[in-house]
Amino acid sequence: IDPNFASDCSDEDFELLVKQIKGMDDTQWPLLRQLIKVVQPDRGLVLSIKLLKNSCEEQDVQILKSTYHAADSFTRKQTCLMTQLGCNVWKKFRVTIQDTVIDAVVCNSDMSPAISGFVVPVKKKQDERASYREIDSDWQQVC
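Below you will find a few notes about this structure. (Residues numbered from 1 in each chain as written. Predicted model: local features only at pLDDT ≥ 70, side-chain atom pairs only at ≥ 80, totals over all residues. Heavy atoms only, no water.)

As a further point, take the overall build of the protein. Looking only at helices and strands, the protein features nine helices and zero strands. When the helices and strands of the protein are listed from N to C terminus, the series reads α-α-α-α-α-α-α-α-α. Counting only residues that meet the buried cut, the protein has 43% of its 143 residues in that class. Excluding contacts between residues fewer than 6 apart, the proportion of contacts in the protein whose partners are at least 24 apart in sequence is 59%. Accessible surface computed for the protein: about 8400 Å², of which carbon and sulfur atoms make up 50%. (Helix = DSSP H or I, 4+ residues; strand = E, 2+ residues; numbered from the N terminus. Buried < 20%, exposed > 50% of the residue type's maximum accessible area, 1.4 Å probe, protein only. Contact = heavy atoms within 4.5 Å. Areas by Shrake-Rupley, 256 points an atom, 1.4 Å probe, with all protein chains shown as cover.)

Before going further, it helps to spend a moment on the pattern of salt bridges. Counted under the stated rule, the structure contains three salt bridges. Here Asp11 and Arg43 are joined by a salt bridge, their closest N and O atoms 2.7 Å apart. Placement of Asp11 in helix H2 (residues 11-20) and of Arg43 in helix H4 (residues 41-55) is noted, with a sequence separation of 32 residues between them. For Asp11, a relative accessible area of 47% translates into the label partly exposed. One salt bridge in this structure joins Glu57 and Arg33, with 3.1 Å as the shortest N-O distance. Of this pair, Glu57 sits in the loop between H4 and helix H5 (58-70) while Arg33 sits in helix H3 (residues 29-38), placing them 24 residues apart in sequence. On the basis of relative accessibility, which here comes to 28%, the residue Glu57 falls in the partly exposed class. A network of salt bridges, in which partner residues are shared, links Arg33, Glu57 and Asp60. (Salt bridge = Lys/Arg side-chain N within 4 Å of Asp/Glu carboxyl O.)

What follows is about the nonpolar core. In this structure, Leu52, Leu64, Leu81, Leu85 and Ile97 are the most contacted members of the largest nonpolar core, which totals 18 residues. When contributions to this core are tallied by element, the ones reaching two or more residues are H4, H5, helix H7 (81-85) and helix H8 (87-102). Take this core: its biggest share by element is six residues, from H8. Residues within four places of Leu64 in sequence aside, it is in contact with Leu45, Ser48, Ile49, Leu52, Leu81, Leu85 and Ile97. By size, the runner-up hydrophobic cluster in this structure holds 14 residues, among which are Cys9, Leu17, Ile21 and Ile36. (Core = buried A, V, L, I, M, F, W, Y, C linked by side-chain atoms within 4.5 Å.)

Here Asn54 lies in helix H4. Here Lys50 takes part through its backbone oxygen, which lies 2.8 Å from a polar atom of the side chain of Asn54. Residues contacting Asn54, with those up to four places away along its chain left out, are Gly23, Met24 and Trp29. (Polar contact = N/O pair within 3.5 Å; in protein donor to acceptor, adjacent residues only side chain to side chain.)

Okay, here's the thing in structure tokens:
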């Protein structure tokens, strides 16, 4: 598949393309990384979630960060990373994703600091990290 094809395809063709790419097949991960570079940010976010969910590689967290930050605020509001990445990936990368992906988004006055479903860290004091105890207990019930 030529990655440049994805940059101009219709929504239907893109959805078909995403379905054809088998995320569990590590031989297709380089293709996913190339596709992410050429598609629109909202499509790149979909692909980067699929990639990280299957690869569980630190480099793909950085790709997720880039696509999440490039996506418009509406798309970010509709994207619950914790749910879409799944329990195992979220547990492995939750602090990195929360700090560098979600919380790093520059917010305007209409948005809360972390828009990702129900993942909102406890208010931080100076020199303290956010507490994720509430999130852990929620996920222990689900996972």
